[in-house]
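# Close look at the chain arrangement
This is what each chain is made of:
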Amino acid sequence: MIRVFLCCLLFCPSLLTAQELRQSFLLEKDWRFSQGDVDKAASTTFDDSGWDQVTVPHDWAIYGPFDRVHDLQEVAVTQNGEKVATVKTGRTGGLPYVGVGWYRNTFDVDAFEKSQKRVVLKFDGAMSEARVYVNGQEVCFWPYGYNAFHCDVTDFINPSGKDNLVAVRLENRPQSSRWYPGAGLYRNVHVIVTDQVHVPVWGTFVTTPFVSDTLASVRLETNIEHADGKVVRVTTDIIDGEGKVVSSKDNAQKINYGQPFVQHLEVLDPNLWSPESPALYKAISRIFIDGKLLDSYETRFGIRDIKFVADRGFFLNGKHRKFQGVCNHHDLGPLGAAINVSALRYQLELLMDMGCDAIRTAHNMPAPELVELCDELGLMMMIEPFDEWEIAKCLNGYHRFFEDWAERDMVNMIRHFRNNPSVVMWSIGNEVPTQCSPEGYKVARFLQDICHREDPTRPVTCGMDQVSCVLENGFASMLDIPGFNYRVHRYGEAYAKLPQNLLLGAETTSTVSSRGVYKFPVEKKAEAVYADHQSSSYDLEHCSWSNLPDEDLAMADDHAWSLGQFVWTGFDYLGEPSPYDTDAWPNHSSMFGIIDLASIPKDRYYLYRSVWNKQSKTLHVLPHWTWAERVGEVTPVFVYTNYPSAELFINGKSQGVRRKTEETVQHRYRLMWTDVVYEPGELKVVAYDDNGKLAEEKIVRTAGKPHQIVLETPHKIIAADGKSLAYVRVKVLDKEGNLCPNEDALVRFSVTGAGQYRAAANGDPTCLDLFHEPKMHLFNGQLTAIVQAGDRPGDVQLEAKSKGLKSGKIFVKVE
Ligand code: GAL
């Protein structure tokens, strides 16, 4: 078994003793897995040699195959306004996530002495209804698949400390979700070994009661277990981003009634955390009793000040800003729900380049790796636990557990993430039907009170879609921050009525589009469906409950009291293929994403970028210009740009200059030439600066015959850790290098060298190609193949071949 020690023993000699006391390692390799229920699978004598060998994080359902029958649901989605039940296909991704799965592994605890040590298993998330057994005994049960939980298994460890069997039974019921939840041990499993006297999991709480440019006061609460009635000495050092100790404290006190140990430290001239400058600190605390060092605990945190000011909005470190956020589900497209840090990082980097500065984890607790990345890269977060409270949305949804588990789930979530500076707000739920029940406000109050008790520093919101109810019944007025889902036209009324004098677009827009697909005539449409089961990338199509990006952008631009928004969604996700969800197989993934399932930006990406990214210029033109069947037809051209004006030329003939106007909300954010007549050749956009001078040009040419496959990656060097990924864009170009925007050929992949093929995706919500197989059809000329590093340095080569096309090759360095 390979153990990954999280703390470096070699390079921190002064901490050596403490870290020998506290060990933490992941259980990643050598798991055995079996799908379906198995009798006596928790027993130590059970023979699992016939089971699959897997590495955790693992998602058993992502390997497919896709099928219409998986989790077929006959329901009326009432929150979408449906009154009559109909057959919903692909609602949870058309993947086999339903059923039971078993995992088994073993671990050793070095120098185990039962009376001296504590052993804890921590799961970052297990999908779902996890029953955990150690050496044949059930040690814990945690139903909610998205939450992290831990259990003390000391009493079940073998006296030798060796060969402890951990077995986990998971069960996903049909109709337990509205999207693809994933299946299995899809997040990390940790073993933590400490002294009896120790800081428990999530045992510290850092707050910064005073923050200014010159001084921050840091309050650290440290829980210490098995120290009741004893005098405990705690020394804490605060270390800055460069590794310098910037503040220290050494206190001793008697611990009574399990009360936490409180220390106050000062940081002079603090580096304040913000998206623009995500400065982090860590507090390293050492616990002594009778002069003996018993534990050492590290808490990473940031110093920043958040204020929500009535009528004025959100202030971070005294500076006003609006949330330029997106909602994301937890799946990583072709990787499924199995967590991967480099995949998450790539998602966040793409979003940040768009100017996005905030993420809402919809509608559940995130993986800790996501929150840590947001801390490090500089994205604010709104963390949300639930899509259901005690009233069902799904037959087998969380409502089954709400009464017994809601508080425990909230407590784990808040303690897990309350030291992360990226987290600026808690949401207690999404569009819960309870919002309209007469006493629904009591449930909301119960959850909001838990937030206030566990973390008095952050406000609480809730994504509400039933505007009339919540304005009347006291639900919205009771929340710290009213958060609305859609219905932007009612924000003004809500602002006027509600006492908070602030409003958050907790979930906005839900525009639908398919990358590279354009429909004619170009017009605004709700619920538009087409024979090819795609939606238009002119960004004018939405669902019956939703709207277009421009309206929410205008809301944020026009009103100080608007806190900004979280767009539904940053990335396409598996499941919820609206508007093709009612008996419309093979659609099985969403069309809401600004970026598609293959991590390729759709046109909409540039619309947001032109408004949100103030540091860089955006000049993006659509549609493509290869329309053999449209010669002589009106083919509108849109430009998304933050230049003040632009001129369009077709084969050198000017189509006029456009600048943004107030004519309609679309004219505020888009430059549009609506009467262009298509002729093959060259479409050129020339952007002018404030002085009317030529600043930038973009040219799109009619493509000739598909000729070659070209591979590109932003990940030219990846770590030799067996996990890092290179996302390789696969494009088919003509002889002159123009993208062939209608090409849908099958591409086959082979990988040689220091890595392996991991998956591919093309962003087509109707495509049933399996992600993990080394072949995939192009979707509108493009797709993404993902290569995974091995654990030794070297070069890895990806080759892509397709009949009749010149092959593409790319090298990625693994080091
Ligand atoms: C919202 C809901 C989301 C998603 C979205 C699609 O009402 O909160 O989870 O279903 O609609 O537009």
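The rules behind the values
Residues numbered from 1 in each chain as written. Predicted model: local features only at pLDDT ≥ 70, side-chain atom pairs only at ≥ 80, totals over all residues. Heavy atoms only, no water. Helix = DSSP H or I, 4+ residues; strand = E, 2+ residues; numbered from the N terminus. Rg over C-alpha atoms; globule rule 2.2 N^0.38 Å. Contact = heavy atoms within 4.5 Å. Areas by Shrake-Rupley, 256 points an atom, 1.4 Å probe, with all protein chains shown as cover. Lys, Arg positive; Asp, Glu negative; His and termini not counted. Charge placed at Lys NZ, Arg CZ, Asp CG, Glu CD. Pairing = 2+ DSSP bridges. Axes fitted to C-alpha atoms, helices over the stretch in contact; angles between N-to-C directions. Salt bridge = Lys/Arg side-chain N within 4 Å of Asp/Glu carboxyl O. Buried < 20%, exposed > 50% of the residue type's maximum accessible area, 1.4 Å probe, protein only. Near = heavy atom within 4 Å. Polar contact = N/O pair within 3.5 Å; in protein donor to acceptor, adjacent residues only side chain to side chain. Nonpolar A, V, L, I, M, F, W, Y, C, P; charged D, E, K, R; others polar. Domains from an automatic or database assignment. Buried area = accessible area lost by both parts, 1.4 Å probe. Phe/Tyr/Trp six-rings, centres within 6.5 Å; stacked < 30°, edge-to-face > 60°. Lys NZ or Arg CZ within 6 Å of the ring centre and 35° of its normal. Core = buried A, V, L, I, M, F, W, Y, C linked by side-chain atoms within 4.5 Å.

## A word on the overall build of the protein chain
Helix and strand counts for the protein chain stand at 11 helices and 50 strands. In terms of overall dimensions, the protein chain is globule-like: its C-alpha atoms have a radius of gyration of 27 Å, near the 28 Å expected for 815 residues. In terms of principal-axis extent, the alpha carbons of the protein chain reach across some 90 × 60 × 55 Å. Summarising the internal contacts of the protein chain: among those between residues at least 6 apart in sequence, 69% fall at separations of at least 24. Of the roughly 30,300 Å² of accessible surface on the protein chain, a fraction of 49% belongs to carbon and sulfur atoms. Taken as two groups, the 85 positive and 107 negative side-chain charges of the protein chain have centres that lie 2 Å from each other.

## Let's talk about the sheet that holds strand 13 (residues 204–211)
Read from one edge to the other, the open sheet built from three strands follows the order 13-14-17, with strand pairing classed as antiparallel. Lying at the two open borders of the sheet, with one neighbouring strand each, are strand 13 and strand 17 (261–268). Ignoring strand direction, the axes of neighbouring strands in this sheet form an average angle of 20°. The pairing of strand 14 (residues 215–222) with strand 17 spans eight bridges and is antiparallel.

## Brief notes about the pattern of salt bridges
With the rule as written, the count across this model stands at 54 salt bridges. A salt bridge links Arg233 to Asp250, with the shortest nitrogen-to-oxygen separation between them at 2.9 Å. Residue Arg233 is found in strand 15 (residues 231–239), and its partner Asp250 is found in strand 16 (residues 245–254); the two are separated by 17 residues along the sequence. According to the relative accessible area criterion, Asp250 is partly exposed, its value standing at 45%. The partner of Lys519 in a salt bridge is Asp532, and the shortest N-O contact between them spans 2.6 Å.

## What about the site of the ligand?
Arg178, His363, Asn430, Glu431, Asn485, Tyr486, Glu507, Ser510, Trp545, Trp568, Glu576 and Phe592 make up every residue found near the ligand. At 2.5 Å from an oxygen atom of the ligand is found a side-chain nitrogen or oxygen belonging to His363. One of the side-chain N or O atoms of Glu507 is found 2.9 Å from an oxygen atom in the ligand. Protein contact buries 99% of the 310 Å² of open area that the ligand shows by itself. Class assignment of the residues belonging to the shell around the ligand gives a composition of four nonpolar, four polar and four charged.

## Observations concerning the sheet that holds strand 36 (residues 637–641)
Reading across from one edge, 35-36-39 is the order of the three strands in this open sheet, with antiparallel pairing throughout. Each edge of the sheet is formed by a strand with only one pairing partner; in this case those strands are strand 35 (619–622) and strand 39 (671–673). Each adjacent strand pair in this sheet contributes to an overall mean axis angle of 15°, direction not counted. Pairing analysis gives four bridges linking strand 35 to strand 36, with the strands arranged antiparallel.

## Observations concerning the domain arrangement of the protein chain
When the domains of the protein chain are assigned, the result is domain 1 (21–193), domain 2 (199–301), domain 3 (316–510 + 545–573) and domain 4 (708–814). In this structure, domain 3 and domain 4 have C-alpha centres spaced 35 Å apart. Taken together, the contacts link seven residues of domain 3 with 12 residues of domain 4. Each partner contributes to the roughly 810 Å² buried at the junction of domain 3 and domain 4, and carbon and sulfur atoms together form 64% of this total. Where domain 3 packs against domain 4, one counts zero salt bridges. A class-by-class count of the residues in the side of domain 3 that touches domain 4 yields four nonpolar, three polar and no charged.

## Side note on the packing of aromatic side chains
The final tally for this structure, using the stated rule, is 38 aromatic pairs. Taking 5.6 Å as the distance between ring centres and 70° as the angle between the ring planes, the aromatic pair formed by Tyr144 and Tyr146 counts as edge-to-face. Take Tyr144: its relative accessible area is 9%, and that puts it in the buried class. Taken together, a centroid distance of 4.8 Å and an interplanar angle of 20° make the contact between Phe386 and Tyr398 stacked. With a gap of 12 residues between them, Phe386 in the loop between strand 27 (380–383) and helix 4 (402–417) and Tyr398 in the loop between strand 27 and helix 4 connect regions that are remote in the sequence. In this structure Tyr398 comes out as buried when scored by relative accessible area, which is 7%. Here the aromatic residues Tyr144, Tyr146, Phe386, Trp389, Tyr398, Phe401, Phe402 and Phe475 are joined through ring pairs into a cluster of three or more. Its guanidinium or amino end placed over the ring of Phe141, Arg131 lies 4.1 Å from that ring's centre, counting from NZ or CZ. The ring of Phe520 carries the charged tip of Arg630 above its face, separated from the ring centre by 3.5 Å.

## Description of the nonpolar core
As a rule of thumb, nonpolar side chains are buried together in soluble globular proteins. Grouped together as the largest cluster of nonpolar side chains are 214 residues, with contacts concentrated most on Trp389 and Phe749. Counting 13 residues, the second largest nonpolar core, distinct from the first, contains Val206, Leu265, Tyr281 and Phe301.

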